[in-house]
Amino acid sequence: MSHRTLVDSTLLADHLQDADWRIFDCRHLLSDPAAGRQAYAAGHLPGAFFLHLDDDLSGPTNGRNGRHPLPDPQRLADTLGAAGVAATTQVVAYDDAGGAFAARLWWLLRWLGHDRVAVLDGGIAAWLAAGRPLTTALPRAQPAGFAVQRRDWVVGSDDVLANLQRQEFRLLDARGADRFRGENETLDPVGGHIPGAGHRFFRDNLDAEGRFRPAADLRREFTEVLAGFDPRAVVMSCGSGVTACHNLLAMEHAGLAGSALYPGSWSEWCADPARPVARG
């Protein structure tokens, strides 16, 4: 693979002064949308810009399109360009949630046609564990032109509904096992999952330190849950199209590229009472 999926803190530290590298802090708390920005203000990686899950990495919600619809491609491109991201820029995203939010930026950039993007493996904790500094200084950048070459990596609710009969692709749900079963649902008004979906909790991609597990292990486990489907006939979902990107990143890391995203995911699916729900 020509582009890295993950970088470690040593490599990132070596490129902090590199004009062709850009770092983005994607920290977020679903229960407290202001927490990420506050954490960033209190201390972030040197040179890192902040991107907010709701404001930058998602579009407006209307009650029918899920909790984190995809952002307008040109608007995101303008935001990235203002931070100095050009075609040659290596982007690194990080968070404090095992890559759960950083992976969303990783996927969005590639969806827009930009492959030079990686996630900091282990996030800010790995950076601090290596004895590296944080700063409160705000970065400055020479604005760049970011050209969108959007890829057709997205599947909609109608496609998912039609697939219940056709079985042309394998849907994989990244939420925790209890929410998948329809238990302990706190984020969406309806509990359960899309009928026929497989399950792969995104946190199973990580080791005890919050770093991605070895590619060979991930490859073996994903191959099992794909149930004979080619990765290019797999669609990832979750609650709102965020942690689904973590499974997409893990599959890429494992050498199983080519799966698509159902951005609306469960939060969009369950907004229409006519769509079927499975539990258990």
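First, a word on scope: everything that follows refers to the structure included in this document. (Residues numbered from 1 in each chain as written. Predicted model: local features only at pLDDT ≥ 70, side-chain atom pairs only at ≥ 80, totals over all residues. Heavy atoms only, no water.)

**Points about helix 9 (residues 244-253)**
The buried fraction of helix 9 amounts to nine of the ten residues, a majority that puts the element mostly inside the structure. The complete set of buried residues in helix 9 reads Ala244, Cys245, His246, Asn247, Leu248, Leu249, Ala250, Met251 and Glu252. The inward-facing, buried residues of helix 9 contact strand 1 (6-7), helix 4 (102-111), strand 5 (117-120), helix 8 (215-225), strand 8 (234-237) and strand 9 (260-261). Within two residues after helix 9, Gly255 carries a phi angle of roughly 80°, on the positive side. (Buried < 20%, exposed > 50% of the residue type's maximum accessible area, 1.4 Å probe, protein only. Helix = DSSP H or I, 4+ residues; strand = E, 2+ residues; numbered from the N terminus. Contact = heavy atoms within 4.5 Å.)

**A few points about the sheet that holds strand 1**
Sheet architecture is open: five strands sit in the order 1-5-4-2-3, paired in parallel fashion. Only two strands of the sheet have a single partner each, and these edge strands are strand 1 and strand 3 (48-50). Of the strand pairs in this sheet, strand 2 (residues 21-25) and strand 4 (residues 90-94) are connected by five bridges, and their pairing is parallel. Paired with Phe24 across the two strands is Ala93, which belongs to strand 4. Against the sheet, helix 2 (residues 35-42) makes contact with strand 2 and strand 3, and its axis sits at roughly 150° relative to strand 3, the strand it touches most. (Pairing = 2+ DSSP bridges. Axes fitted to C-alpha atoms, helices over the stretch in contact; angles between N-to-C directions.)

**Considerations on the nonpolar core**
By size, the foremost hydrophobic cluster in this structure holds 52 residues, and its most contacted members are Phe24, Leu57, Leu80, Leu105, Trp107, Phe222 and Met236. Going through the elements one at a time, helix 3 (73-82), strand 4, helix 4, strand 5, helix 8, strand 8 and helix 9 are the ones with two or more residues in this core. Among the elements that line this core, the one with the most residues is helix 4, at eight residues. Every residue in contact with Met236, bar those within four places of it in the chain, is listed here: Leu172, Phe222, Ala244, Asn247, Leu248, Met251, Ala260, Leu261 and Tyr262. Of all hydrophobic cores here, the second largest spans 13 residues; its members include Phe169, Leu171, Ile194 and Val235. (Core = buried A, V, L, I, M, F, W, Y, C linked by side-chain atoms within 4.5 Å.)

**Here we look at the packing of aromatic side chains**
Applying the stated criterion across every chain, the model contains five aromatic pairs. With a centroid separation of 5.4 Å and 40° between ring planes, the pair formed by Tyr40 and Phe50 is classed as tilted. Taken together, the residues span a long stretch of sequence, with Tyr40 in helix 2 and Phe50 in strand 3 at a distance of ten residues. Judged on exposure class, the residue Tyr40 and its partner Phe50 are both buried. (Phe/Tyr/Trp six-rings, centres within 6.5 Å; stacked < 30°, edge-to-face > 60°.)

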